[in-house]
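Spelled out from the first residue to the last, the chains are:
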Amino acid sequence: MTRWTHQTLIDWPKRGVTYTNVYSTSGVCAPSRAAITLGMYPSAVGANHMRTSSNTQDTGLPAYEAVPPAHAKILSQYLREAGYYTTNNVKTDYQFLPPKAAWNESSVFAHWRNRPAGQPFYAVFNFTTTHESGLFEPYGIRHIESRHYFSDDAARIAQLPQHHAQKTSVIDTPIHLPIDTVFKVPPYLPDTPEVQYDLWKMYNNLVETDRQIGAIIQQLIDDNLYDSTIVVFYSDHGGPLPRQKRLIYDSGLQVPFIIRFPNARRGGSTDDQLISFVDFAPTTLGMAGIDAPPHMHGQDFLAIDTEKREYIHAAADRFDGFTDVIRAVKNERFKYIRNYRPEQGYYLPVVYRERIPTMQALLRLRDSNGLTPEQAQWFRTSKPVEELFDTHNDPHELVNLAGEERYQDELRQLRLEMDRWLADIGDVPNTAEVDLINALWGGQPEKPTTATPEFSTMNNKFVLSSDTEGAVISYQLSSDDSAQWHLYTGPFLVPSKTSVTAVAHRLGFNESPSVVVKN
């Protein structure tokens, strides 16, 4: 039997297609994950603030959820409706709760091996070892991440500490790189022992993640599925370090992206077309032979008849308890940034980030006037209204060209594209979050609740409905061996003496009360 002995992320470019210009819609996870699963820009559906459900004591606002259009569904539901067995292991973080039946399985136990024999599958495995918190002290690897080495062994996974804060001890933490490795430091960070050690942790975490990915690849090989499966690798935003995560410079937006097609078709090639996270959902549907619904903002970048994207777009708004308002648009070379709060500096004192030793080093050097001009930029007390960067010649986006005469054509072009994009998706950037919530809730004082499902019969079959437009109905049968939720797609037969439990859920609303009917 073939054994996967390669360094996955080093080997994969030889076996897959490396896409070199792929960008998230936000420099942080939850808004970006909303874009991935919906194929829509987060600021079009109220998913742009990080997070919609957190920091309510800081903001004075209620917890809420993004509310996509009534006809919108998450990506996995389209695939489940098309006959795929859909699994998510385990993070969702979409800025709204998914309906119960949007996935066949969504848990630390979810795996394609649980599907009926021969059923096509769509399986997502989330790896969080490289998360920003992986740089916190004391350093260690999340215990729950070891599940990837035995991801279909439910009994063993159940014994793992489940909380992400529970990590390996110093003695038990795997060391993959020499501890004295010297790393090149980007110019916006100081080259101090703390920064070098954080870079070591970052790359050590990446090697650990590489091994976890290799374990999943080995399971595909063991199941004789590797050469009939499309495997996609990406991260949900750019880097984890200060002035990377949460920012809409390329360091916060640009992501690695590799597709390994069956039998390594096109292996070793690169593709430099611009790709946005809003393209992921329509492209995945295209892989499955499903037409993307017209409400999606993205396009199928693999389709032969798709015109190459000219621009990518991004946004930054509230992060935890601190709010900024920034929008960005980029073509193949130039990045345009529009700051809606120019009186406010870029740096936000996000408490979570300040647990990173590199952030602590930056603040210490700031307070002692020890930063270089490149490092001090982030701590300016105000921002220009407009910024323009030549990302070919200035990849770290440190030299603002917006005021230079010879770049006015590029500035005007990107300024117009920004205006077009904002109007097209209905984004009014300076909207106060309280007003956004009011609009999402239709002027109601509380989050709307999905109408309870109603039962009826037709030709001896059960029919389920909800008065809430766009409600997804999920149901369970007492006769099932498992507690898995079924996705209601039409009338269905129910065995005698079997009870049916049903709930309805429109994305962004409260789930309905459950209702039980016995046949």
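Quick look at the structure, then. Here the residue numbering is sequential within each chain, running from 1 through the sequence in written order. Thresholds applied to this predicted model are a pLDDT of at least 70 for local features of residues and 80 or more for the giving and counting of side-chain atom pairs; totals over whole chains, interfaces and linings are not thresholded and use all residues. The basis for the side-chain values is all heavy atoms of the structure; hydrogens and waters are excluded.

**Things to note about the overall build of the protein chain**
- Note on conventions: DSSP H or I runs of at least 4 residues are helices, E runs of at least 2 residues are strands, and numbering of each starts at the N terminus. When you go through the protein chain residue by residue, the secondary structure sums to 12 helices and 20 strands.
- The globule rule is 2.2 Å times the number of residues to the power 0.38, and the radius of gyration it is compared with is taken over C-alpha atoms. For 519 residues, the compact-globule formula gives about 24 Å, and the C-alpha radius of gyration of the protein chain, at 24 Å, lands near that figure.
- For the protein chain, the C-alpha atoms occupy an extent of roughly 75 × 60 × 50 Å along the three principal directions.
- Note on exposure labels: buried denotes an accessible area under 20% of the residue type's maximum, exposed denotes more than 50%, and partly exposed covers the range between, all computed with a 1.4 Å probe on protein chains only. The burial tally for the protein chain puts 56% of its 519 residues in the buried class.
- In what follows, residue pairs with any heavy atoms lying within 4.5 Å of each other are defined as contacts. Taking contacts inside the protein chain between residues at least 6 apart in sequence as the whole, the part at least 24 apart equals 67%.

**Examining helix H6 (residues 193-222)**
- For H6, which comprises 30 residues, the first-to-last C-alpha distance of 43 Å matches the rise-based estimate of 44 Å (1.5 Å per residue) to within 8%.
- H6 sits mainly inside the fold: 23 of its 30 residues count as buried.
- With its phi angle positive at about 60°, Asn224 sits one or two positions after the end of H6. Each residue after the first adds 1.5 Å to the expected span of a helix.

**Structural notes on the packing of helix H1 (residues 8-15) against H6**
- Between H1 and H6, whose axes approach to 9 Å, the crossing angle comes to 55°. By the criterion of interaxial angle, the relationship of H1 to H6 is oblique. In this structure, H1 uses Thr8, Leu9, Ile10 and Trp12 to contact H6, whose residues at the interface are Leu206, Asp210, Ile213, Gly214 and Ile217.
- A class-by-class count of the residues in the contact of H1 with H6 yields six nonpolar, two polar and one charged. Axis definition: a line fitted to C-alpha atoms, over the contacting stretch in the case of helices. Angles run 0 to 180 degrees between N-to-C directions. Between 65 and 115 degrees an angle is taken as roughly perpendicular, under 35 as roughly parallel, over 145 as roughly antiparallel, and anywhere else as oblique. Amino acids are sorted into nonpolar (Ala, Val, Leu, Ile, Met, Phe, Trp, Tyr, Cys and Pro), charged (Asp, Glu, Lys and Arg) and polar (every other residue, Gly among them).

**Considering the nonpolar core**
- To form a nonpolar core, buried Ala, Val, Leu, Ile, Met, Phe, Trp, Tyr and Cys residues must be joined to one another through side-chain atoms within 4.5 Å. Counting 43 residues, the largest nonpolar core has Met359, Trp378 and Phe379 as its most contacted members.
- Of all the secondary structure elements, the ones that give two or more residues to this core are helix H2 (29-38), H6, strand E11 (312-319), strand E12 (322-330) and helix H9 (357-367).
- In this structure, Tyr19, Tyr41, Ile275 and Leu422 belong to the second largest nonpolar core, which totals 29 residues.

**Looking at the pattern of salt bridges**
- Just to be clear on terms, a salt bridge is a Lys or Arg side-chain nitrogen sitting within 4 Å of an Asp or Glu carboxyl oxygen. Applying the stated criterion across every chain, the model contains 33 salt bridges.
- The partner of Asp198 in a salt bridge is Lys201, with the nearest N and O atoms 2.8 Å apart. Remark: Lys201 and Asp198 occur in helix H6; sequence separation between them is three residues, near one turn of the helix. Lys201 carries the same exposure label as Asp198, and that label is buried.
- Measuring nitrogen to oxygen at the nearest pair gives 4.0 Å for the salt bridge that ties Arg420 to Asp424. Pair noted here: Arg420 and Asp424 are both in helix H11 (residues 408-425), with a separation of four residues, about one helical turn.

**Observations regarding helix H12 (residues 433-440)**
- Turning to H12, its buried residues are Glu433, Leu436, Ile437 and Leu440. Around the axis of H12, the buried residues are gathered within 100° of arc, so they sit on the same side.
- Tucked inside the fold, the buried residues of H12 contact E11.
- Note on H12: the residue one or two positions beyond its end, Gly442, has a positive phi of about 65°. The arc in question is the one spanned by the directions pointing from the helix axis to the C-beta atoms.

**A closer look at the pairing of E12**
- E12 sits mainly inside the fold: seven of its nine residues count as buried.
- Between the antiparallel neighbours E11 and E12 lie two residues, among them Asp320 with a positive phi of about 55°.
- Sheet topology places E12 next to strand E13 (residues 334-339); five bridges connect them, and they run antiparallel. When the bridges of E13 are listed, Val329 appears paired with Tyr336.
- A pair of strands is labelled paired if DSSP reports no fewer than 2 bridges between them. Once E12 ends, the chain turns through three residues before running back antiparallel as E13.

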